[in-house]
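# Structural description and commentary
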Amino acid sequence: MVELDSECSPSTLSSETDPTNAEVLLKEIPDGTELGTLEIQRQDLEHRKTDSAYRNKVLDKMKYRGRDGPWKHHVYNRDESPDQALAHFPDVIITVQIYRPYSRKKMLTLDQEFEVLGQQLLTDLRGKIYCISDYAAIGDFSQNPDNPCNVLAKDIYKSGFFFIEGTFYNDLHAESCRDYSKTIIKWSKDRNTKSSPLQSQRMETVRFIDLTVRLGQPYLYMHQGDCEHLLIFSDIRVTHNDDCHFIDKYPVLTYKSRERKPKCRVCQQHLAKWVTYGSPLTPEDPCFFCDTCFRALHYDADDKMIVSNVQVYPYPDSRKTVFTDS
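Counting restarts for each chain, with residues numbered from 1 along the sequence as it is written. Only residues with pLDDT of 70 or above have their local features reported here, since the model is predicted, and side-chain atom pairs are shown and tallied only from 80 upward, although totals for entire chains, interfaces and linings are computed over all residues. Water and hydrogen atoms were dropped before computing side-chain values, which therefore reflect all heavy atoms in the structure.

By the convention used here, strands pair only if DSSP detects at least 2 bridges between them. Only runs of H or I of at least four residues qualify as helices and only runs of E of at least two qualify as strands under DSSP, and these elements are numbered from the N terminus. Overall, mixed pairing links the 8 strands, which are arranged E5-E4-E3-E6-E7-E1-E2-E8 in an open sheet. Strands with a single pairing partner mark the edges of an open sheet, and in this sheet they are strand E5 (199-202) and strand E8 (252-256). Taken over all neighbouring pairs, the strand axes of this sheet differ in orientation by 25° on average, direction set aside. Contacting strand E3 (160-164), strand E4 (167-170) and E5, helix H8 (residues 181-191) crosses the sheet at an angle of about 165° to E4. Only the stretch in contact is used when a helix axis is fitted, and all axes are lines through C-alpha atoms; the angle between N-to-C directions ranges over 0 to 180 degrees. We call two residues in contact whenever any of their non-hydrogen atoms come within 4.5 Å of each other.

Quick look at the structure:
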């Protein structure tokens, strides 16, 4: 029996020369192998190193491009510091998908995917969700486009909620936050709907482990008054040793879709910096402009607006505002 245990032990499935992490496994081909598939992979990796155009083409066509969750866990654990607070294991890790804002004209598109701990508060996830509408500048810039964009929408309109299984989880951490659910709950009562009564709770008092959810069921995240995102819990699992050990790294962003910023409608060369509403000089409304074309079309030599009743706003630069690991 002892001999059988030693021969069938899981330790016999690996050797001392096997790769110890995913980075080595993906980038280095072991020597002394005659497998044709590994030789093809070696040639492909060399091709990517010498031809950037080919490398970008390969990355664009990868089915799971951008999904680097497992590798992020590995990187976080590698940067271990004794000063960081450790997560309480065992725990559960919940995968949460956030879709781009709802629009009747566009298909539903996955925008972000996070892995959160069951012990974390709902506010921990809300603080990590990126939406370009949060970075919209407040006020009309038509009369002075050189004014700095110091005040953003997220600094003024801080309210928001998750709607999960008939309960509104409102973010009321700031005095200026409004309870969006009051109007909806009142409307539901006045309509005498046959559905279960709607409820509300404060988001900052509820942990993910306290929720009752259905995997794959679409829920709602709303902020900025009318910006609606589909929210889906796609997976729940128990933590294991390869997961990040540090609670301050959660929620872990495991996927972020690529932002395609619109180009200037005039030159079709530069990325948009301005968006106009109600301009009689544009073929569409709203219309996007780079800085050069916008000023050339709407201002005279003295930097005076040559048309009236035009609303002008800076278009947020997603490259400067995207989620970062902080």
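Below, the discussion takes up helix H9 (residues 291-298). Relative accessibility under 20% of the residue-type maximum defines a buried residue, over 50% an exposed one, and the middle range a partly exposed one, all with a 1.4 Å probe and only protein chains included. Residues of H9 that are buried: Cys 293, Phe 294 and His 298. Buried residues of H9, viewed axially, fall in a sector of 105°; they line one side. Along H9, the residues that are exposed and aim more than 90 degrees away from the buried face are Thr 292 and Ala 296. By definition, the arc is the one covered by directions from the helix axis to the C-beta atoms.

The sheet built from 3 strands is open, its strands ordered E10-E9-E11 with antiparallel pairing. Looking at strand neighbours, the two that pair on one side only are strand E10 (287-289) and strand E11 (311-314), the edges of this open sheet. Along the sheet, successive strands turn relative to each other by an average axial angle of 25°, direction set aside. By the bridge criterion, 3 bridges tie strand E9 (residues 274-277) to E10 in an arrangement that is antiparallel. Residue pairing for E10: Thr 276 is matched across the bridge by Cys 287.

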